[in-house]
Amino acid sequence: MTTATQTVAARAAAKIEATDLQMAFSANGQQHAVRVLEGVSFSVPTGSFTAMLGPSGCGKTTLIRIIAGLLTPTHGEVRVDGQLITGPSSERTVIFQDYGLFEWMTVFENVEFGLKAKALPKSQRRQAVLEYLDMVHLRGAEDKYPNELSGGMKQRAAIARALVVDPACILMDEPFAALDSQTRLLLQEEILEVWDRTQKTILLITHNVEEAVFLSNRVLVMSSQPARIILDMPVDLARPRRPDLRSNAVFRDLVDRLWQTLRVQVGAAKSGLAEAVKREKK
């Protein structure tokens, strides 16, 4: 197989393909741009669940926004299904930490919102909304408003809204970070049930090492700024994943290995911040 043929085959197998992404920002009258991403390249296979770890502020959310088409990289490109990303698309939905629900709409109306843009008949929209509310265990809450919901219910509604438009891939930016620990663990298990049923391609950004291992087929670790991929670790644990997996010796070993890599980068990020503060004071 030629190199060109191998490249075409690899792109066909990848849902998301990022190539040599670089991102720099200029702010506060700085003479030199701050480099956030530096040579970030990776691919996400179709139907996989991939998690990404990195120290706070390293550029994970910037990366998600580039893949979503909300930011344009300084250099490099992202393709989904081989097509170059040039802007936002319903084929790539994002689930954010703050839920992003419209407070003046009911749960049903929030989930239905994206379907209206597709001009589907009302009966088809209703059937699809109720199907996905069932999937995320929110049937019976469709007439409630966001201010009547718990944090976990809000995030379930956000997940249903992302899924109902049948996107090619789902981008999750710390979706459980604002939840209490019990709700977070329950939603981890529920998102796996959803993934098992839909086989959507999911890219998850998280700070939680155990969460990354429990959910994903593979974990990518990013360095401190300027961020790059420094570790690509497969998670070869059987599915379906059960709650007692968290006490499994292999699971604990994977968590420990990832944390040892991550803590070095967290330390580097702290040192870099301290140096930046010193420069600002001079």
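Everything in this summary refers to the structure shown in the same document. Here the structure is a predicted model, which is why all the values come from computation and not from measurement.

Cut-offs applied
Residues numbered from 1 in each chain as written. Predicted model: local features only at pLDDT ≥ 70, side-chain atom pairs only at ≥ 80, totals over all residues. Heavy atoms only, no water. Helix = DSSP H or I, 4+ residues; strand = E, 2+ residues; numbered from the N terminus. Core = buried A, V, L, I, M, F, W, Y, C linked by side-chain atoms within 4.5 Å. Buried < 20%, exposed > 50% of the residue type's maximum accessible area, 1.4 Å probe, protein only. Contact = heavy atoms within 4.5 Å.

Note that the residue after Q225, namely P226, is joined by a cis bond; omega there is -5 degrees. Topologically, P226 is positioned in the loop between β9 (218–222) and β10 (229–234). In this structure, P240 follows R239 across a cis peptide bond, with omega equal to 5 degrees. Looking at the element boundaries, P240 is found in the loop between β10 and α8 (249–281). Even without being a glycine, A119 presents a positive backbone phi close to 60 degrees. By secondary structure assignment, the location of A119 is in the loop between α3 (107–116) and α4 (122–135).

Another aspect to go through is the nonpolar core. Note on soluble globular proteins: their nonpolar side chains tend to be buried together. Counting 55 residues, the largest nonpolar core has L133, M172, V213, L215, V219 and L258 as its most contacted members. Examining the composition of this core, we find that seven residues originate from one element, helix α5 (residues 151–164), more than from any other. Contacts of L215, omitting those with residues within four sequence positions, involve F49, F176, Q188, I191, L192, L204, R239 and R241. In this structure, M23, V36, F42 and L171 belong to the second largest nonpolar core, which totals 26 residues.

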